[in-house]
Amino acid sequence: MRAGGGAAAAACGALVLALLRRCLLLGPLALRPAGGQDGDGCGHTLLTPHSGTLSSKNYPGTYPNHTACRWRLRAPPGTSLLLAFGDIDLEPSERCARSSLLLADPQAGTAYVPSMSPSLPAGPYCRNAVPTTPLLVTNSSTVTVLFNSTSHRSGRGLLLSYATSQHPDLVSCLVRGTHYTQEHVSVYCPAGCKDIAGDIWGNPTQGYRDTSVLCKAAVHAGVIADELGGQVTLSREKGITLYESAFANGLHSRRGSLSEKRLIFHKACGDALEVAAFNASSWWHEVDALGQDRVWAAERATLGTAGHSWATKPGTEAAWLELDLGTRRNVTGIVTKGSSEHYDFYVTSYRVSSSRDGKNWRPYRGSGGQEDKVFEGNADSHGEVSNAFIPPIVARYVRVTPQSWHQRVALKVALVGCQPVRVRAPRPYVPSVPKEITVPTSHPATRTSIPGVALDPEKAGSTLLVMLLIGGLVLLCSSLLLLVFLCRRKRKLAVELTCGITKGYPKLESSPVCPLQSLPPPGPALAPFPPPGHLARGHSPEYAEPDLVQVSPGGAQPGPSTFRPLPDEGYTLPLVLSHYSVPGLHHEYAEPLPPEPEYATPFSEPEPPGTRRSPRTPAGYDAPAPRPGELPPRDTATSQLGDCPLAHVYHEAL
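Rules and cut-offs
Residues numbered from 1 in each chain as written. Predicted model: local features only at pLDDT ≥ 70, side-chain atom pairs only at ≥ 80, totals over all residues. Heavy atoms only, no water. Helix = DSSP H or I, 4+ residues; strand = E, 2+ residues; numbered from the N terminus. Contact = heavy atoms within 4.5 Å. Areas by Shrake-Rupley, 256 points an atom, 1.4 Å probe, with all protein chains shown as cover. pLDDT = per-residue confidence, 0-100. Pairing = 2+ DSSP bridges. Buried < 20%, exposed > 50% of the residue type's maximum accessible area, 1.4 Å probe, protein only. Core = buried A, V, L, I, M, F, W, Y, C linked by side-chain atoms within 4.5 Å.

### Some thoughts on the overall build of the protein chain
A count of helices and strands for the protein chain gives five helices and 28 strands. Within the protein chain, contacts between residues at least 6 apart in sequence are counted, and of these 72% link residues at least 24 apart. Working note: accessible area of the protein chain is about 41500 Å², and carbon and sulfur atoms make up 58% of it.

### As for the confidence of the model for the protein chain
Confidence in the prediction of the protein chain, expressed as mean pLDDT, is 75, and 61% of residues score 70 or more. Every residue in residues 437-455 scores below 50 in pLDDT, and together they form nine contacts with partners more than four places removed in sequence or on other chains. The low-confidence segment residues 522-529 (pLDDT under 50) makes nine contacts with residues lying over four places distant or belonging to another chain.

### Things to note about the sheet that holds strand β11 (residues 184-189)
The five strands are arranged β11-β14-β17-β13-β12 in an open sheet whose pairing can be described as antiparallel. Pairing within the sheet leaves two strands with one partner each, and these edge strands are β11 and β12 (202-203). Both β12 and strand β13 (residues 207-209) contribute to a ladder of two bridges, which runs antiparallel. Bridge pairing links Gly202 to Tyr208 in β13.

### Some details on the pairing of strand β19 (residues 277-280)
The side-chain alternation of β19 yields one buried face, formed by Phe278 and Ala280, and one unburied face, formed by Ala277 and Asn279. Of the strand pairs in this sheet, β19 and strand β23 (residues 321-337) are connected by four bridges, and their pairing is antiparallel. Within the sheet, the bridge partner assigned to Phe278 lies in β23 and is Leu323.

### A closer look at the nonpolar core
One finds Trp310, Leu321, Leu323, Val331, Val352, Phe389 and Leu415 to be the most contacted residues of the largest nonpolar core, which totals 26 residues. Of all the secondary-structure elements, those providing two or more residues to this core are β19, β23, β24 (346-355), β27 (384-406) and β28 (410-418). Excluding residues that lie within four positions of it along the chain, Val331 makes contacts with Leu273, Leu325, Phe389, Pro392, Ile393, Val398, Leu415, Val416 and Gly417. Counting residues in hydrophobic clusters, the runner-up holds 25 residues, among them Tyr208, Leu214, Cys215 and Leu251.

Here it is as structure tokens:
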């Protein structure tokens, strides 16, 4: 068993050395010094310094027999290569005799195994499954990929993408939107995914079905250029019922049904630009069968215009349509359309040039920059076709030159972009050198130097003068505001003192500050009021202050009362707002009590015989004793009946 295992390992090692020798030595499949691809088994290939995609012949169909292909991948100095395996489907065979894949570093003379499993030896790969680790990280800037096939029956072959180590989020061209669950996704798509088999559903306006191939949909949306690749940022939102198809950037999307999620690509500069004016090489003046005129002028080239479009005059060569944006814009895309539904005129291909002054024109060459780029146009007269400018065009004037058309040159155009961002280049730092001032030796000037600051003596004097003037102006304004505030406050206090009413003594004089109308009008209603000192020295002789009523000895004239005298007696109300205003200086009089029953009805008990009782009323009540000066009441019943003592006295019901 050990001998058999050693023989198998030796045979595998010999095969690896043979394949490495085939990769490194010059032969029928030797690479040119510039690198790239060689062999009859190469399929779709796009190699750039930063990313690329390669596949075997007939992929995703069965690769042919007895073919071989070699790709040499190079990265910029200081970086290494990352390999993303999209698909590897090889017919299994013992010791990889029928088909094999080898990844080697020609500089170090080592080989990489796609599975990255430490249990497998580094050597050729011949399996029909995707490696367990789709991303292979190498430590070299140069990798040689060798694919070899002999007689076989099945197998799709190989699909591989690469990028530099600066893009660790590299994905394969076959990754779909359903591979992600997060709402926001940011990945790096390699160059060359446009022509890889895979379906997309939707359009840039509605979004794309989440089952679409992600990188291919990004090319269709105009987010990245297929010849460059790039970073893609998108969001997964709620799906819609129907996805409409569209033709954009050389790709046809399909019409799709409802999906759970849809892909929305983020494009920073994608607003519709307003065209200030149109100009054209010529336009068609049509006269129909009914004799009606129809002018296909340049102004009819607006995409949103209803009816016919712009069209050239018959026999015109080198037709062009010019759009004036009014000012310099950042143009990122163009949308074209044919004549209308009633005519079958449209442009199938065109070139684009730009100008900043309308005189000097520069053709658009895309990311390659070697040849003028020809854009794919419309396939009918009513559909819209979009094409992206990557990198964008920065200009005011854009000219569209048709290259091929159907029946007649007719076109409607719209431009997409935004306002250019003006980035000012930083000015180089030039340290200021202070001017030399000749100072007389008799009066040397002493200056205090500030570390790191160079002062100009001439400018320093003017600056100091300006600062002093500003400080003086601020101080003057503050003083004026303070003076105005104090004057207004003093005037307010004077007005309050002048217009106030001293306790009990109104001011009746009129003044400009206090008009007479604001004071109580003088008249006979207000009696002259004695000064406060007179009231304080003594009491009024007319009224007395005792609480009890005094009766004069004569009985005819009552004594002074504490109740307020009647108006008939010559009394007038003093001008006192309330009795709390001048406490202790004026007499206060109480109001008389309301009338009440004068006599009460007491309960009485039988009295013993011989007791002297007061005279009684006819109703049987005890009458009170007469007041001083009053005559006793005369009872007729008593005079007739005499003194008849009563055994009981009853009271009336309450």
